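The lines below spell out each chain.
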Amino acid sequence: MNKVVKNADEAIYGIQDGMTIMLGGFGLCGIPENSISSIVKEGIKDLTCISNNAGVDDFGIGLMLQAKLVKKMISSYVGENAEFERQLLSGELEVELLPQGTLAERCRAAGSGIPAFYTPAGYGTEIAEGKEIREFEGKQFIMEKAFESDFAIVKAWKGDTDGNLIFKSTARNFNPMMAMAGKITIAEVEELVEPGELDPNFIHTPSIFVNRIFQGVDYEKRIEQRTISNKQ
Amino acid sequence: MLTKEQIAQRIAQELQDGYYVNLGIGIPTLVANYVPTGINVTLQSENGLLGMGPFPTEDEIDADLINAGKQTVTTEAGSVFFDSATSFAMIRSGRVDLTVLGAMEVNDKGDIANWKIPGKMVKGMGGAMDLVASAKNIIVAMQHTNRSGDSKLLSSLTLPVTGLGCVKKIVTNLCVIDVTSSGFELKELAHGISVEDVQNATEGKLVVEGVIPEIQF
């Protein structure tokens, strides 16, 4: 089966209004820039987006917010975005905030055939409201469920045409778990190579999790906090 | 009174050789600047880096290499990258020896509030709830009072809680406090600060036993 598609426009085929999609990345680091642009161009709306953050005003998921395509964000931290705040306060946008580790584990569970798990994060807080609480060895835990997601869109550094992926530095973040968790997983990569060119010892995401792959173009890789040291 | 840098410097005295440490945003980040000589610590950044180095030079900047505050950073020799699930596996399973966090409020039971102010834009908890739920040792770095002069060391929290009974030590601009079953135990005073000053700035139960020494640097 050929998993390779020409570009992001082709890769996002089948994503429809009202669907739930996962988008990899931490802040603006390791986000699927090409696919986000295509979703905006296509105007696919009423989306529920599972992503650690919501981008900035004019980049990343911020572009989808600007185009009013997002109905609900499921994230751990959504600062740095004025349009997000405006839509949230006006009631146009719904947000569900989750502890970052819970967000990661709900992706991992979804990609692992595990329907739910218990975590201590958020016990005693409003995050626990309405969730099952259970005691293990004298400590309290909250039951959290695996996510359900129609599509997962991830960004990798290198990939092969079979769908094996390697991520770079901290651009890995949520991408590997999300790659496992989509009913359909789309991977955009900076460099697409033939099978056999990637050392099997160093592959992060095995091809079996990836349904569509393409080599992206024009990565901006915007830096959110440009911090420099003065050391010589 | 301690400056922010001095708060960080005092917390750095708690570091031990071989510690894995997670530093939050703000004053906690400064702790990395005061690691005592002869002590090696490894910094964990929850976005997927163990062995975080200092900020890069202009030439070293890499958009794919950031910390949990989204700042560009570098790696140390022996560093490792991993995904977010692995990162929080380290945190929840208690492998991180010390977590330093900022706080809006702490109560005398060690509960912490640092993620939400009702009526204001809620940005989210990020990794704070995972960290406070599991860390073996949590030190809070903060000002003793808020901008209106109200105590941030309370008998009960007024803001939504982030985690219960987790704070072990607090270093403020006025003093060092251990949170024990008896309450806020005053351990050290900043230069020029009296027990009475701390008492006046502390709404929760303050325990003062014996002569309280001055913070040494």
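Above this note sits the structure.
Here is what the cut-offs are and how they apply
- Residues numbered from 1 in each chain as written.
- Chains lettered and ligands numbered in written order.
- Predicted model: local features only at pLDDT ≥ 70, side-chain atom pairs only at ≥ 80, totals over all residues.
- Heavy atoms only, no water.
- Helix = DSSP H or I, 4+ residues; strand = E, 2+ residues; numbered from the N terminus.
- Rg over C-alpha atoms; globule rule 2.2 N^0.38 Å.
- Buried < 20%, exposed > 50% of the residue type's maximum accessible area, 1.4 Å probe, protein only.
- Contact = heavy atoms within 4.5 Å.
- Polar contact = N/O pair within 3.5 Å; in protein donor to acceptor, adjacent residues only side chain to side chain.
- Disulfide = S-S within 2.5 Å.
- Pairing = 2+ DSSP bridges.
- Salt bridge = Lys/Arg side-chain N within 4 Å of Asp/Glu carboxyl O.
- Buried area = accessible area lost by both parts, 1.4 Å probe.
- Phe/Tyr/Trp six-rings, centres within 6.5 Å; stacked < 30°, edge-to-face > 60°.
- Axes fitted to C-alpha atoms, helices over the stretch in contact; angles between N-to-C directions.

> Can you lay out the overall build of chain B for me, pointing to particular residues and giving the numbers?
When helices and strands are tallied, chain B shows five helices and 13 strands. A compact globule built from 217 residues would reach a C-alpha radius of gyration of about 17 Å, and chain B, at 17 Å, matches this within 12%. Here the C-alpha coordinates of chain B stretch approximately 50 × 40 × 30 Å along the principal axes. Each of the 217 residues in chain B was classed as buried or not, and the buried ones make up 58%.

> Please give an account of helix α3 (residues 84-92) of chain B that cites residues and values.
Within the span of α3(B), buried status applies to Ser84(B), Ala85(B), Ser87(B), Phe88(B), Met90(B) and Ile91(B). Elements that come into contact with the buried residues of α3(B) comprise α5 (100-110) and α6 (175-181) of chain A together with β1 (20-23), β2 (42-45) and α4 (128-134) of chain B. Measuring from the side-chain oxygen of the N-cap residue of α3(B) to the backbone nitrogen of Ala85(B) gives 2.9 Å; that N-cap residue is Asp83(B). Once α3(B) finishes, Gly94(B) follows within two positions and takes phi at roughly 80 degrees, a positive value.

> Summarise the state of the cysteines; cite the residues concerned and give the values.
If you walk through the whole model with that rule in mind, you get zero disulfides over all chains. In this structure Cys49(A) is not part of a disulfide, and its nearest cysteine sulfur, from Cys107(A), lies 13 Å away. Looking at Cys166(B), it has no disulfide partner, and the nearest cysteine sulfur is the one in Cys175(B), 18 Å off. Judged by relative accessible area, which is 5%, Cys166(B) ranks as buried.

> Account for the sheet that holds β2(B), with residues named and values stated.
Residue and element names in this part refer to chain B. The strand order across the open sheet built from 10 strands is β4-β3-β2-β1-β5-β8-β10-β11-β12-β13, with neighbouring strands paired in mixed fashion. For this open sheet the edge positions go to β4 (75-81) and β13 (206-207), each flanked by a neighbour on one side alone. When strand β11 (residues 175-180) meets strand β12 (residues 183-189), the two strands line up antiparallel, connected through six bridges. Within β12, the residue paired with Val179 across the bridge is Phe184.

> Give me the lowdown on the pairing of strand β10 (residues 184-193) of chain A, citing residues and values where you can.
Residue and element names in this part refer to chain A. By the bridge criterion, nine bridges tie strand β8 (residues 151-160) to β10 in an arrangement that is parallel. Residue Ala152 lies in a different strand from β10, and its bridge partner there is Thr185. Pairing analysis gives four bridges linking β10 to strand β11 (residues 212-215), with the strands arranged parallel. In the sheet register, Ile186 faces β11, and the bridge partner there is Arg212.

> An account of the environment of Ile133(A) is requested, with residue identities and associated values reported.
Residues and elements named next belong to chain A. Mapped onto the fold, Ile133 is located in strand β6 (residues 133-136). A relative accessible area of 35% places Ile133 in the partly exposed class. Leave out the neighbours within four places in its chain, and Ile133 touches Tyr123, Ala128, Gln140, Phe141 and Ile142.

> A description of the pattern of salt bridges should follow, citing residues and the corresponding values.
Residues and elements named next belong to chain A. All chains considered together, the criterion is met by 28 salt bridges over all chains. Taking the shortest distance from any N to any O, the salt bridge between Glu105 and Arg108 comes out at 3.0 Å. Taken as a pair, Glu105 and Arg108 lie in helix α5 at a separation of three residues, close to a single helical turn. The shortest N-O distance in the salt bridge between Arg106 and Glu144 comes to 3.7 Å. On the criterion of sequence distance, the pair formed by Arg106 in helix α5 and Glu144 in strand β7 (residues 139-145) is long-range, its members being 38 residues apart. Take Arg106 and Glu144: they sit in the same class, and that class is buried. Among the charged side chains, a network of salt bridges with common partners joins Lys72, Glu94, Glu96, Arg106, Lys131 and Glu144.

> Account for the interface of chain A and chain B, with residues named and values stated.
Opposite the 50 residues of chain A that make contact, chain B presents 47 residues. Around 4000 Å² of area is buried between chain A and chain B when both sides are counted, 61% of it from carbon and sulfur atoms. If you sort the residues of chain A by the area they bury against chain B, Phe26(A), Thr170(A) and Thr227(A) come out on top, with a joint share of 15%. The interface formed by chain A and chain B includes six salt bridges. For Arg92(B), the salt bridge goes to Glu105(A), with nearest N and O atoms at 3.6 Å. Linking chain A with chain B are 25 residue pairs in polar contact (both at pLDDT 80 or more).

> I'd like a rundown of the packing of aromatic side chains, residues and numbers included.
Residues and elements named next belong to chain A. Throughout the structure, instances matching the rule amount to two aromatic pairs over all chains. The interplanar angle of 65 degrees and the centroid separation of 5.1 Å between the aromatic rings of Tyr118 and Phe136 together place this pair among those described as edge-to-face. Taken together, the residues span a long stretch of sequence, with Tyr118 in strand β5 (residues 116-119) and Phe136 in strand β6 at a distance of 18 residues. Take Tyr118: its relative accessible area is 27%, and that puts it in the partly exposed class.

> Any chance you could break down the sheet that holds β6(A) for me, citing the residues and the numbers?
All names here are of chain A. If you walk across this open sheet you meet the three strands as β5-β7-β6, and the pairing is antiparallel. Edge positions in the sheet fall to β5 and β6, since each has one partner strand and no second. Sheet twist, expressed as the mean angle between neighbouring strand axes with direction ignored, is 40 degrees. Direction of pairing for β5 relative to β7: antiparallel, over a ladder of four bridges. What sits directly across from Ala116, in β7, is Lys145. In the packing of α5 onto the sheet, contacts are made with β5 and β7, and the angle to β5 comes to roughly 155 degrees.

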